[in-house]
Amino acid sequence: MTAHVLIRNAAELVTVRSASDGPKTGTEMAELGIIKNGALAIAGGEIIAVGETDEISAKIGRADTIIDARNRVVLPGFVDCHTHLVFGGSREDEFMQKIEGRSYLDIMQGNGGIFSTVDRTREALACPGTLIDRARMFLAKMLAFGTTTAEIKTGYGLSKESELGLLKIIAGLKESQPVEVVSTFLAAHAFPKEYEGKKGDYIGLVLGLLQRVSAEGLAEYCDVFVEAGAFSPSEARKILEQAKKQGLKLKLHAGEFNDIGGVELGVELGAVSIDHLDYISEPGMELMAEKKTIGVLLPGVPFHLMTNRYAPARKLIEAGVPIALATDFNPGSCPTLSMQMIIALACRQLKMTPAEAINAATINAAYALDRGDKVGSIEVGKRADLIILDIPNHKQLPYWFGTNLVARVIRNGVVVG
Ligand SMILES: [Zn+2]
């Protein structure tokens, strides 16, 4: 057998493989499927052999590129299943206000918060080259930090033209740089200022846009921000039901600051994931566990907002909810591109073990984007999206926080970093 790339002698080859065909839950989240002194072979962008180095070396007669992973850990590439990566401006002044003690919703009700990013994004869309270059730079940094698949939401346009403009930029990013991009339509991120007192009109605009988004294949998912001051469950229902009819898969932002019924709505409508969950009831957890709705936890948000209210990860895992992790990269509530930082926070603030956090950032995050059969683990037949970390065992991944441990990145079988 010949290979394009052979990786061998890995101190730990963390396959993350699962016994079942779905996301991991409960005690399964602690299992990593580690092969010591591991090796794997890649041909044509696909993993063709995985095992111990002796066994794989005997199988593979010739390889174009051989990578020695001695004293290193090999992992599947991270899947960042929740980001808002295309936006104008930045919000460091608001960060200063947060240091002084003002809350996110308080700042949003003033003129800051999301609306300042909406203004900067609309301005930037007039001449989108800069916005595109910046998004590509963000994705390049994500890749350097080990993310090989990233979801990107719209939601800083909040008008017909600007939401379509953002969807087109996201579509262009899929073709013009190495990270796999998944597109989500989030026009229901907030009610724009110009629709004050006319919420029904804005919902009508979103419903109309959904037809076009679906007809032109501009997004795979539709998401709604269910929160006090954003969309109520009954407003969200109108949008999500229409999105489902149009063939889009569903995601919800729920329980970021208040538990107002987003979890119940998301489970009822068959959402693939419900994201945030810093506030969630025990009956809500049971519903999610029953339907295997993935809970995407975003610990970078309470960290950056300094709210100190983190999702009850241990209770969620005990209840049987499949947990994934993501950055929520955005200029207001989580300006980090690093899944390594998120894993470090998950261990410290959510009390997840390194093994649970790694499963949540790879295979379960892949399922949160409906790609669990293609990426997220190191198994024969899966796409060769891999990272090699400069540490001798996986427990050191969250331990050395705030630094980049990635030594090599392989995306679709090609060494890209
Ligand atoms: Zn978000």
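Higher on the page you've got the structure.
All chains use their own residue numbering, which begins from 1 and follows the written sequence. Confidence filtering applies because this is a predicted model: local features only for residues at pLDDT of at least 70, side-chain atom pairs given and counted only at 80 or more, and all residues used for totals across whole chains, interfaces and linings. Where side-chain values are given, they derive from all heavy atoms of the structure, hydrogens and water being excluded.

Visitor: Looking at this structure, I do not really get the environment of Ala228. What am I missing?
Guide: Strands here mean DSSP runs of E at least two residues long; helices mean DSSP runs of H or I at least four residues long; both are numbered from the N terminus. Within the element layout of this structure, Ala228 appears in the loop between strand E9 (221–226) and helix H8 (233–245). Judged by relative accessible area, which is 34%, Ala228 ranks as partly exposed. Measuring from C-alpha to C-alpha, the distance between Ala228 and Ile260 comes to 7.4 Å, with 32 residues separating the pair along the chain. The contact rule is simple, with two residues in contact once any of their heavy atoms fall within 4.5 Å. With residues near it in sequence (within four places) discarded, Ala228 still touches Leu105, Asn258 and Ile260. Each residue gets one of three labels from its accessible area relative to the maximum for its type: buried under 20%, exposed over 50%, partly exposed in between, using a 1.4 Å probe on protein chains only.

Visitor: Hey, could you run me through the nonpolar core in this one?
Guide: One recurring pattern in soluble globular proteins is that nonpolar side chains are buried together. Take the buried residues of types Ala, Val, Leu, Ile, Met, Phe, Trp, Tyr and Cys, join any two whose side-chain atoms come within 4.5 Å, and each joined set is a nonpolar core. In terms of nonpolar packing, the biggest core is built from 124 residues, with Leu85, Val86, Phe185 and Met352 touching the most fellow members. Core analysis: the next-biggest nonpolar cluster, separate from the first, contains 17 residues, Ala10, Ala69, Ala384 and Ile388 among them.

Visitor: Help me understand the pairing of strand E7 (residues 147–153), please; the structure alone is not making it clear to me.
Guide: On a regular strand, one side chain projects to one face of the sheet and the next to the other, so that they alternate. Of all 7 residues that make up E7, 7 are buried, and the element is covered over most of its length. Here a strand pair is declared whenever DSSP counts at least two bridges between the two strands. By the bridge criterion, 3 bridges tie strand E6 (residues 78–80) to E7 in an arrangement that is parallel. Residue pairing across strands places Val79 opposite Thr149, the latter belonging to E7. Across 5 bridges, E7 lies against strand E8 (residues 180–188) in parallel orientation. Note that in E8 the partner of Lys153 across the bridge is Thr184.

Visitor: How should I be thinking about the sheet that holds strand E12 (residues 294–297) in this particular structure?
Guide: Backbone hydrogen bonds are what pair the strands of a sheet, in a parallel or an antiparallel way. The strand order E6-E7-E8-E9-E10-E11-E12-E13 describes an open sheet built from 8 strands, whose pairing is parallel. Each of the sheet's edge strands pairs with one partner strand only, and the pair in question is E6 and strand E13 (323–325). Within the sheet, the average angular offset between the axes of one strand and its neighbour, ignoring direction, is 25°. To obtain an axis, a line is fitted to C-alpha atoms, over the contacting stretch when the element is a helix, and the angle between two such axes runs from 0 to 180 degrees between their N-to-C directions.

Visitor: Help me understand the packing of aromatic side chains, please; the structure alone is not making it clear to me.
Guide: Each aromatic ring pair is summarised here by two numbers: the centre-to-centre distance and the angle between the ring planes. Centre distance within 6.5 Å is the pairing criterion for rings of Phe, Tyr and Trp, where only the six-membered ring of Trp is used; planes under 30 degrees apart are then read as stacked, over 60 as edge-to-face, and the remainder as tilted. Within this structure, the stated rule accounts for 8 aromatic pairs. Centroid distance Phe87 to Tyr156: 6.3 Å. Interplanar angle 75°. Geometry classified as edge-to-face. Here Phe87 is found in the loop between E6 and helix H2 (92–99), whereas its partner Tyr156 is found in the loop between E7 and helix H6 (160–176), with 69 residues between them in sequence. The pair Phe87 / Tyr156 is uniform in exposure class, with both members buried. Measuring from centroid to centroid gives 4.2 Å for Phe191 and Phe231, while their planes differ by 25°, and the two rings are stacked. Placement of the pair is Phe191 in the loop between E8 and helix H7 (199–215) and Phe231 in the loop between E9 and H8, with a sequence separation of 40 residues. Classification of Phe191 by relative accessible area gives buried; the value is 10%. Three or more aromatic residues link up through ring pairs in this structure, and these residues are Phe87, Phe138, Tyr156 and Phe329. Placement of a charge over a ring requires the Lys NZ or Arg CZ to be within 6 Å of the ring centre, with the centre-to-atom vector within 35 degrees of the ring normal. Over the ring of Tyr195 we find Lys198, and its NZ or CZ is 5.7 Å from the ring centre.

Visitor: It is not clear to me how the pairing of strand E10 (residues 249–254) should be interpreted in this structure. Could you clarify?
Guide: With 5 of 6 residues buried, E10 is to be regarded as a mostly interior element. Across 6 bridges, E9 lies against E10 in parallel orientation. Considered in E10, the bridge of Phe225 is made with His253. A clockwise path from the first strand over the helix to the second, with the strands pointing away from the viewer, defines a right-handed crossover. The handedness of the E9 to E10 crossover, carried by H8, is right-handed. Here E10 runs beside strand E11 (residues 273–276); their pairing, made up of 4 bridges, is parallel. What sits directly across from Leu252, in E11, is Ile274. With helix H9 (residues 262–268) bridging E10 and the parallel E11, this β-α-β connection has right-handed handedness.

Visitor: Would you explain the environment of Lys168 in this entry?
Guide: Inspection of the secondary structure puts Lys168 in helix H6. Each C-alpha atom, one on Lys168 and one on Ser183, is 9.8 Å from the other, the two residues being 15 residues apart in sequence. Ignoring anything within four residues of it in the chain, the contact list for Lys168 reads Arg212 and Leu218.

Visitor: Is there a simple way to explain the side chain of Asp275 in this structure?
Guide: Following the sequence through the fold, Asp275 ends up in strand E11. Counted as positive: Lys and Arg. Counted as negative: Asp and Glu, with His and the chain ends omitted from the count. By definition, a salt bridge exists where a carboxyl oxygen of Asp or Glu is found within 4 Å of a side-chain nitrogen of Lys or Arg. Buried charge without a partner: Asp275 forms no salt bridge, and the closest opposite charge is Lys153, 4.5 Å away. Under the rule applied, a polar contact is a pair of N or O atoms within 3.5 Å (in protein, one hydrogen donor and one hydrogen acceptor; residues adjacent in sequence only if both atoms are side-chain atoms). In this structure the side chain of Asp275 is engaged in a polar contact, spanning 2.7 Å, whose partner is the side chain of His82. Looking at Asp275, its side chain comes within polar contact range of the side chain of Ser273, at 2.8 Å. With near-sequence residues (within four places) excluded, Asp275 lies in contact with His82, Lys153, Leu252, His253, Ala254, Val296 and Leu298.

Visitor: How do you make sense of the packing of helix H5 (residues 129–144) against H6 when you look at a structure like this?
Guide: When two helices pack together, their arrangement is given by the angle between the helix axes and the distance between those axes. Taken N-terminus to C-terminus, the directions of H5 and H6 make an angle of 50°; their axes are 11 Å apart at the nearest point. When the axes of H5 and H6 are compared, the pair comes out oblique. Two packed elements cross with a definite hand, and for H5 against H6 that hand is right-handed. In this structure, H5 contributes Leu131, Ile132, Ala135, Arg136 and Leu139 to the contact, and H6 contributes Ile169, Leu173 and Ser176. Angular relationships are summarised with four words: roughly parallel below 35 degrees, roughly antiparallel beyond 145, roughly perpendicular across 65 to 115, and oblique for the angles in between. Crossing handedness is defined as follows: a turn of the near helix away from the far one that is anticlockwise and smaller than a right angle gives a left-handed crossing, while the clockwise case is right-handed.

Visitor: Is there a simple way to think about the pattern of salt bridges in this case?
Guide: Opposite charge on two side chains permits them to pair, given that their charged atoms come into close proximity. Summed over the entire model, instances satisfying the criterion amount to 24 salt bridges. Between Glu12 and Lys36 there is a salt bridge whose closest N-O contact spans 4.0 Å. One end of the pair, Glu12, is in strand E1 (residues 2–14); the other, Lys36, is in strand E2 (residues 34–43), with 24 residues separating them in the sequence. We classify Lys36 as exposed; its relative accessible area is 57%.

Visitor: How do you make sense of the coordination of the zinc ion when you look at a structure like this?
Guide: Put simply, a metal with four donors set out as a tetrahedron has ideal angles of 109.5 degrees, and one with six donors set out as an octahedron has ideal angles of 90 or 180 degrees. Any N, O or S atom lying within 2.8 Å of the metal counts as a donor, with the limit raised to 3.2 Å for Na, K and Ca; because water is left out of the atom set, some sites can appear incomplete. Each protein donor to the zinc ion is listed here as His82 (NE2), His84 (NE2), His253 (NE2) and Asp328 (OD); together their distances run 2.1 to 2.4 Å. Coordination at the zinc ion is irregular: its 4 donor atoms span angles of 82 to 170° at the metal. Counting residues between consecutive donors of the zinc ion along the chain gives the motif H-x1-H-x168-H-x74-D. Pair noted here: His82 is in the loop between E6 and H2 and Asp328 is in the loop between E13 and helix H13 (339–349), with a separation of 246 residues, a long-range link. Judged by relative accessible area, His82 falls into the buried class, the value being 0%. For Asp328, a relative accessible area of 2% corresponds to the buried category. Under the classification used here, a metal with four donors is tetrahedral if each angle lies between 85 and 135 degrees, square planar if opposite donors are over 155 degrees apart and the others between 65 and 115, a six-donor metal meeting that same test is octahedral, and anything else is irregular.

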